[in-house]
Amino acid sequence: MSDPASNTGLFGVHGMALELRSQRMGLIASNIANAATPNYKARDIDFNTALNARIKGASQDQAAAAAVQYRVPVMPSLDGNTVETGNEQVAFSQNAVGYASTLAFLSDDVGEVKRAIKGE
Amino acid sequence: MAGTDLNIFSVAGRAMSAQQVRMNTAASNLANASAVSSKESDAYRPIKAVFATQMDKATGLATVNVSSVVRADATPVRQHDPGNPLADENGDVWAAPVDESAEMVEMLDSSRQYQNLVETLSTAKQLMLDTIRMK
């Protein structure tokens, strides 16, 4: 990882990652919600691209908006809907695990700062 | 309604209401599947919920609304049943044109999607609670 990552405030890259994970979770939930809507096109955030853009100084909105891509369906359906529930659920779980890990890193950092303040 | 901000909870919540409307229409159709009437115009015609995406430009989230519930333009089935008290002068009754297997499939599909939304909602809720408690 490039150096600027460590210069992004108290919690490093984890704060940014958590925001992006949260945004991606909303987007995948939107796909699952629209599983039965004709002509709905599923979208997802390319997490790596978004995080790299964020580290290089893009704002949260810019980074996420630039990394949004339309899902390519494995098998197109007649009603023009490109949501494949199985794939969306896999992406959702993967993202949820990523969110939980990032949160764990973040809460370790918070603990560290707390200990430093208390002078233990 | 257009100006409201969406979050993951409202996305899942509204989609659940939409699926519920869809389940209700399937249930109505199934309940009326064996209904007959004495006139073609009086016969029950199946109803169907029409889904439309509601997009929130600010957050990029999208939920689903029921834009309308339409009555299908299907022709009722004429059955010859002179013993039926509802039969017309030719001894015919008009049965509701409900495809029962299609309605059952619709019901199953809808309930599976509802379950997916519940699962999504509970995962999101757990993660949000963990974030609040920072654990």
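This is a predicted model, so every value here is computed, not measured.

Quick notes on the rules
Residues numbered from 1 in each chain as written. Chains lettered and ligands numbered in written order. Predicted model: local features only at pLDDT ≥ 70, side-chain atom pairs only at ≥ 80, totals over all residues. Heavy atoms only, no water. Contact = heavy atoms within 4.5 Å. Buried area = accessible area lost by both parts, 1.4 Å probe. Salt bridge = Lys/Arg side-chain N within 4 Å of Asp/Glu carboxyl O. Polar contact = N/O pair within 3.5 Å; in protein donor to acceptor, adjacent residues only side chain to side chain. Core = buried A, V, L, I, M, F, W, Y, C linked by side-chain atoms within 4.5 Å. Buried < 20%, exposed > 50% of the residue type's maximum accessible area, 1.4 Å probe, protein only. Helix = DSSP H or I, 4+ residues; strand = E, 2+ residues; numbered from the N terminus. 1 Å grid on protein atoms, 1.4 Å probe; cavity = no way out; pocket = protein on both sides within 12 Å on 5 of 7 lines; lining within 4 Å. Points joined across faces, edges and corners; volume = space filled by probe spheres on them. Nonpolar A, V, L, I, M, F, W, Y, C, P; charged D, E, K, R; others polar. pLDDT = per-residue confidence, 0-100.

A. Local environment of the interface of chain A and chain B. If you look at the interface, chain A gives 26 residues, while chain B gives 27 residues. At the boundary of chain A with chain B, total buried surface from both sides reaches about 2000 Å², with 69% on carbon and sulfur atoms. The largest contributions to the chain A side of the interface with chain B come from A33(A), A36(A) and L103(A), which together make up 22% of the buried area. In this assembly, chain A and chain B are joined by zero salt bridges. Across the chain A-chain B interface, the total number found is six residue pairs in polar contact (both at pLDDT 80 or more).

B. Expanded view of the nonpolar core. In this structure, M25(A), F92(A), F51(B) and L117(B) are the most contacted members of the largest nonpolar core, which totals 27 residues. Listing elements by their share of this core, those giving two or more residues are α1 (13-33) and α4 (85-118) of chain A together with α1 (8-31), β2 (47-55) and α2 (100-133) of chain B. When residues no more than four places from it in sequence are discounted, the contact partners of M25(A) are F92(A), N95(A), I8(B), A124(B), L127(B) and M128(B). The next biggest cluster of nonpolar side chains, apart from the first, holds 11 residues, and it includes L20(A), F47(A), A50(A) and I55(A).

C. Spotlight on the layout of surface pockets. Of the voids in this model, the largest pocket is the one considered here, and its volume is about 320 Å³. Contributing to the lining of the largest pocket are 19 residues, with A35(A), A36(A), P38(A), D79(A) and R22(B) lying nearest its centre. Of all the elements in the fold, those that place two or more residues in the lining of the largest pocket are β2 and α2 of chain B. For the lining of the largest pocket, the per-class residue count stands at eight nonpolar, five polar and six charged. As a volume, the second largest pocket reaches approximately 220 Å³.

D. Inspection of the confidence of the model for chain B at higher detail. For chain B, the average pLDDT comes to 92, and 97% of its residues sit at 70 or higher. Note on the complex model: pTM 0.87, ipTM 0.85.

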